[in-house]
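# Understanding the architecture of this molecule
As a plain string of letters, each chain reads:
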Amino acid sequence: MKQVILTLALILTALFSSFAQHKLPGLPYKYSALEPFVDSTTMYIHLNNHHAAYVNNLNKALEKYPELQNKSIEELLTGFNNLPADIQTVVRNSGGGHYNHMLFWKILAPAKTTSISEKMEKAIIKDFKSIDAFKAEFETAAASRFGSGWAWLIKLPSGKLSIVSTANQDNNIMQIAEIKGKPILALDVWEHAYYLKYQSKRAAYIKAFWNIVNWTEVERLYNE
Ligand code: MN
């Protein structure tokens, strides 16, 4: 009998998680694919502990609002002010975390598998004068974020590119964002993203990041 109940419980849990709206994605590469710049253990923990917690907390918050369960993560974040007050904080933190990490996994790629195209290079140079100046500004945004947060390259509604930094899991598609824009490149500067390998040397992690940017995906997002 105990066995039957246990099996039923397992089936129900599996059913529930398959119906849950927001799902943890798989990585488009192996955990070890970004070595030596980001280590395999960090990638595993980052996805299966940190990102998974954001997804679970978001789904849990939406349980009592069936009418919100078919909304995409983008719809939830851009329509933030219309959400019930009691779940706004969870959607901001965990929903933001889910969106940010889904983007982050995609704009990373194993070293030397992509490079900046001529078109993307032109777009960057137009708004930042040179690739080096662009990288320097991005690195400063990532390094100077106090505490936890992100550095972003965003495309403003005007089409212009801009570098910004946000605290916690905020991003620039959120209704509450001061500057609205579409993120096309992201760097997670929470300690969980780098501490195992880099300890307190955030600057070294930021420098290493350039080796594993998926420029093909960045350009796809830019053109989209
Ligand atoms: Mn993270």
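Now for a description of the structure that goes with this document. What you see is a predicted model; the values in this text were computed from it and never measured. (Residues numbered from 1 in each chain as written. Predicted model: local features only at pLDDT ≥ 70, side-chain atom pairs only at ≥ 80, totals over all residues. Heavy atoms only, no water.)

### Describing the sheet that holds strand E3 (residues 182-188)
Strand pairing in a sheet is mediated by backbone hydrogen bonds. Such pairs are either parallel or antiparallel. Pairing is antiparallel across the open sheet formed by 3 strands, whose spatial order is E2-E1-E3. Each having just a single partner strand, strand E2 (161-167) and E3 make up the two edges of the open sheet. Neighbour-to-neighbour, the strand axes of the sheet open up by a mean angle of 25 degrees, direction not taken into account. Across 7 bridges, the pairing between strand E1 (residues 149-155) and E2 is antiparallel. Among the inter-strand pairings, Gly-149 is bridged to a residue of E2, identified as Ala-167. Sitting on the sheet, helix H9 (residues 215-223) is in contact with E1, E2 and E3, with an inclination near 150 degrees to E3. (Pairing = 2+ DSSP bridges. Helix = DSSP H or I, 4+ residues; strand = E, 2+ residues; numbered from the N terminus. Axes fitted to C-alpha atoms, helices over the stretch in contact; angles between N-to-C directions. Contact = heavy atoms within 4.5 Å.)

### Let's talk about the packing of helix H2 (residues 40-62) against helix H4 (residues 88-106)
Two elements in contact, H2 and H4, have axes whose closest approach is 8 Å; the angle formed by their N-to-C orientations is 140 degrees. Compared by their axis directions, H2 and H4 come out oblique. Note on packing geometry: the crossing formed by H2 with H4 is left-handed. Touching Met-43, His-46, Leu-47, His-51, Tyr-54, Val-55, Asn-57, Leu-58 and Ala-61 of H2 are Val-90, Val-91, Asn-93, Ser-94, Gly-95, Gly-97, His-98, His-101, Met-102, Phe-104 and Trp-105, all from H4. Split into classes, the residues belonging to the contact of H2 with H4 amount to 11 nonpolar, 9 polar and no charged. (Parallel < 35°, antiparallel > 145°, perpendicular 65-115°, else oblique. Left-handed = near helix turned anticlockwise from the far one by under 90°. Nonpolar A, V, L, I, M, F, W, Y, C, P; charged D, E, K, R; others polar.)

### What to know about unusual backbone geometry
Of note, the amide linkage connecting Glu-35 to Pro-36 takes the cis form, showing an omega dihedral of 0 degrees. Here Pro-36 lies in the loop between helix H1 (2-19) and H2. Positive phi, close to 55 degrees, is recorded for Asn-168, a residue that is not glycine. One can find Asn-168 in the loop between E2 and E3. Look at Asn-168 and you get partly exposed, because its relative accessible area is 39%. For Gln-199, which is not a glycine, the phi torsion comes out positive at approximately 45 degrees. Mapped onto the secondary structure, Gln-199 falls in the loop between helix H7 (195-198) and helix H8 (202-209). Residue class for Gln-199 comes out partly exposed when judged on its relative accessible area of 36%. (Buried < 20%, exposed > 50% of the residue type's maximum accessible area, 1.4 Å probe, protein only.)

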